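# Structural overview
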Protein chains: 2
Amino acid sequence: MLPGLNKYLHFIQQIYPLSQESLEALAPFLNHKSFVKKDYLVKQGDISNELFIIMSGCVREYFEDAHANEINTWFGIENAIAVSTYSFFSLKPSLTNIQALEDTETIVIRQEDIQKLFNEFHEIERLGRLLAEQYLVQIDEIKIILQTLSAKQRYEYILQHKPELVQRIPLKYLASFLGIKLETLSRVRGQK
Amino acid sequence: MLPGLNKYLHFIQQIYPLSQESLEALAPFLNHKSFVKKDYLVKQGDISNELFIIMSGCVREYFEDAHANEINTWFGIENAIAVSTYSFFSLKPSLTNIQALEDTETIVIRQEDIQKLFNEFHEIERLGRLLAEQYLVQIDEIKIILQTLSAKQRYEYILQHKPELVQRIPLKYLASFLGIKLETLSRVRGQK
DNA sequence: TAAATTATTTGACATTTATCAAACACTTAT
DNA sequence: ATAAGTGTTTGATAAATGTCAAATAATTTA
């Protein structure tokens, strides 16, 4: 049996409890993958047909813009699902990299296996739907922060609502996630 | 039979073709609702348990911030699905209003009916999953624009990728959607 | 532990965007 | 057709954020 699987299953069960039957069907398709700091889970340009549940550690999703600046678009820590959504859903080349910021343990499942499980088990597809809905609401929240708040307010929001991120993610990565420059973020932190 | 339903079904069939059986099960739960300009499809604070497919017309989603400014978070035109996602998925009070910007014809389906259909028809739940995934990718695209681009670049992006929006949505609404002020948007349009 | 590397802060200044007020343009209702 | 209301542009100025360079702090590696 896959080490750490119980913890993963518990996390999943909170979102939508699966029957014993589904769990047993799911288990063989789950694999463990470890990454050391700076390893890539997903590379920009590749078709990313894997979904990662982060058991421990922390990752960033980013891409390079026209001026070769890195834009960080998402961060994931324990219990988050790291997936290059566009690529995973459409099986087209990934627009982003996903990279480990710490040594990171994951459970991986492949797109084609999920597809098979979706076909066979309605309730697994339900779980998939609920996860997509949750993910959507989370991204929408970030989008609204960016539509609404000033640099300082963005930092305070993230500090209040995602303090783990501020602790664990280097500021230089947080800045572009918040849509501001590193120096501005640094200054905004100084104020109160 | 519901007028306009065929067109709606065609739109849905492109995302995931449903069997005749599912279509027949779905049809009785679809209703037509018309809105005149300025009518509300969803009111902030209400639990919004309806999902609207826009047959014709155009809507905005917005909320009022702390200073009673309206922040427009989303726009929908023909074939878009208008839904207060957070409220619809969690059945908690809506954080946003959805308002008709033109006279608007919609097909409505209720959350509890969708739930029943999801329970009964796996393939309808699959359609739901795929729609959630599509919606997610669209929102993520907007989020990345806000993380990355200057006022001028945001306008150019939207002009290039969603020209219908620029034509149909008053600039005063587009501005907050792009995370900038009306005057800045106006100026940025002037340049070239 | 020291040196090298990486991350963050600070300063001076440039640029972008916001603010407030007014003018202008366009639409709607009488 | 006119007046009233809405929407957009323009101008002057203020505030926020970006840029570039350098200093400091923290972390990693030899």
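Keep in mind that what you see is a predicted model, and the values were worked out from it rather than measured. (Residues numbered from 1 in each chain as written. Chains lettered and ligands numbered in written order. Predicted model: local features only at pLDDT ≥ 70, side-chain atom pairs only at ≥ 80, totals over all residues.)

### Notes on the overall build of chain A
- A count of helices and strands for chain A gives nine helices and eight strands.
- Against the globule reference of 16 Å for 192 residues, chain A gives a C-alpha radius of gyration of 18 Å, in line with a compact fold.
- The 192 residues of chain A split such that 36% are buried.
- Counted over contacts in chain A with a minimum sequence separation of 6, partners at least 24 positions apart contribute 72%. (Helix = DSSP H or I, 4+ residues; strand = E, 2+ residues; numbered from the N terminus. Rg over C-alpha atoms; globule rule 2.2 N^0.38 Å. Buried ≥ 20, exposed ≤ 12 C-beta atoms within 10 Å, placed from the backbone. Contact = placed C-beta atoms within 7 Å.)

### Considerations on the pairing of strand 7 (residues 97–100) of chain A
All names here are of chain A.
- Because side chains alternate across strand 7, one face comprises the buried residues Asn97 and Gln99, and the other comprises Ile98 and Ala100, equally buried.
- Across two bridges, the pairing between strand 2 (residues 40–42) and strand 7 is antiparallel. Counted as the bridge partner of tyrosine 40 is glutamine 99 from strand 7.
- Of the strand pairs in this sheet, strand 4 (residues 58–64) and strand 7 are connected by four bridges, and their pairing is antiparallel. Directly across from glutamate 61, in strand 7, lies its bridge partner isoleucine 98. (Pairing = 2+ DSSP bridges.)

### A look at the protein's contact with DNA strand D
- The full set close to DNA strand D counts 16 residues, and Ser150, Ala151 and Thr184 of chain A together with Leu171 and Ser186 of chain B are the nearest of them.
- For the surface near DNA strand D, the elements supplying multiple residues, two or more each, are helix 6 (151–161) and helix 9 (182–190) of chain A together with helix 8 (171–177) and helix 9 (182–190) of chain B.
- Within the surface near DNA strand D, the residues separate by chemical class into five nonpolar, four polar and seven charged. (Near = placed C-beta within 6 Å. Nonpolar A, V, L, I, M, F, W, Y, C, P; charged D, E, K, R; others polar.)

### Points about the relation of the copies chain B and chain A
- For these two chains of identical sequence, chain B goes onto chain A by a turn of 180° and a shift of 0.0 Å along the axis, with RMSD 0.0 Å. Viewed as a symmetry operation, the transformation between the two copies matches a two-fold axis.
- Both copies present the same face, since 100% of the interface residues in chain B are matched by interface residues at the equivalent positions in chain A. (Least-squares fit on C-alpha atoms with pLDDT ≥ 70 in both.)

### Looking at the sheet that holds strand 2 of chain A
Residues and elements named next belong to chain A.
- Pairing is antiparallel in the open sheet, where four strands are placed in the order 2-7-4-5. What marks the edges here is a single partner per strand, and that holds for strand 2 and strand 5 (70–77). This sheet shows a mean twist of 30° between the axes of neighbouring strands, independent of strand direction. (Axes fitted to C-alpha atoms, helices over the stretch in contact; angles between N-to-C directions.)

### Digging into the packing of helix 4 (residues 111–120) of chain A against helix 5 (residues 122–148) of chain A
Residues and elements named next belong to chain A.
- Viewed as axis vectors pointing N to C, helix 4 and helix 5 meet at an angle of 120°, and their least axial separation amounts to 5 Å. Judged by the inter-axis angle, helix 4 sits oblique to helix 5. Within the contact between the two elements, helix 4 uses Ile114, Leu117 and Phe118 and helix 5 uses Ile124, Glu125 and Gly128.
- Among the residues making up the contact of helix 4 with helix 5, the classes are represented as four nonpolar, one polar and one charged. (Parallel < 35°, antiparallel > 145°, perpendicular 65-115°, else oblique.)

### Section: the sheet that holds strand 5 (residues 70–76) of chain B
Residue and element names in this part refer to chain B.
- In space, the four strands of this open sheet follow the order 2-7-4-5, with antiparallel pairing throughout. Single-partner strands in this sheet number two, and they are strand 2 (40–42) and strand 5. On average, each strand axis in the sheet is inclined to that of its neighbour by 30°, with strand direction left out of account.
- Relative to strand 5, strand 4 (residues 59–64) runs antiparallel, the two sharing six bridges. Bridged to glutamate 64 within strand 5 is glutamate 70.

### Digging into the interface of chain B and chain A
- Of the residues lining the interface, 27 residues belong to chain B; the matching set on chain A comes to 27 residues.
- Going through the elements one at a time, strand 5, helix 3 (85–90), helix 5 (122–148) and helix 8 of chain B are the ones with two or more residues in the side of chain B that touches chain A.
- Looking at which element gives the most residues to the side of chain B that touches chain A, the answer is helix 5 of chain B, with 18 residues.
- Taken together, the residues that form the side of chain B that touches chain A break down as twelve nonpolar, eight polar and seven charged.

### A look at the environment of threonine 73 of chain A
- Within the secondary structure, threonine 73 of chain A sits in strand 5.
- Taking the number of C-beta atoms within 10 Å as the measure of exposure, threonine 73 of chain A has 23 and is therefore buried.
- Linking threonine 73 of chain A and leucine 178 of chain A, residues 105 residues apart in sequence, is a C-alpha distance of 8.7 Å.
- Ignoring sequence-local partners within four residues, the contact set of threonine 73 of chain A consists of Glu61, Tyr62, Phe63, Thr96 and Phe177 of chain A together with Ile144 and Gln147 of chain B.

### Thoughts on the environment of phenylalanine 89 of chain A
- You can see phenylalanine 89 of chain A is positioned in helix 3 (residues 85–90).
- Sequence separation between phenylalanine 89 of chain A and serine 48 of chain A is 41 residues, and the spatial gap between their C-alpha atoms is 9.2 Å.
- The residues contacting phenylalanine 89 of chain A, other than those within four sequence positions of it, are Glu133 and Val137 of chain B.

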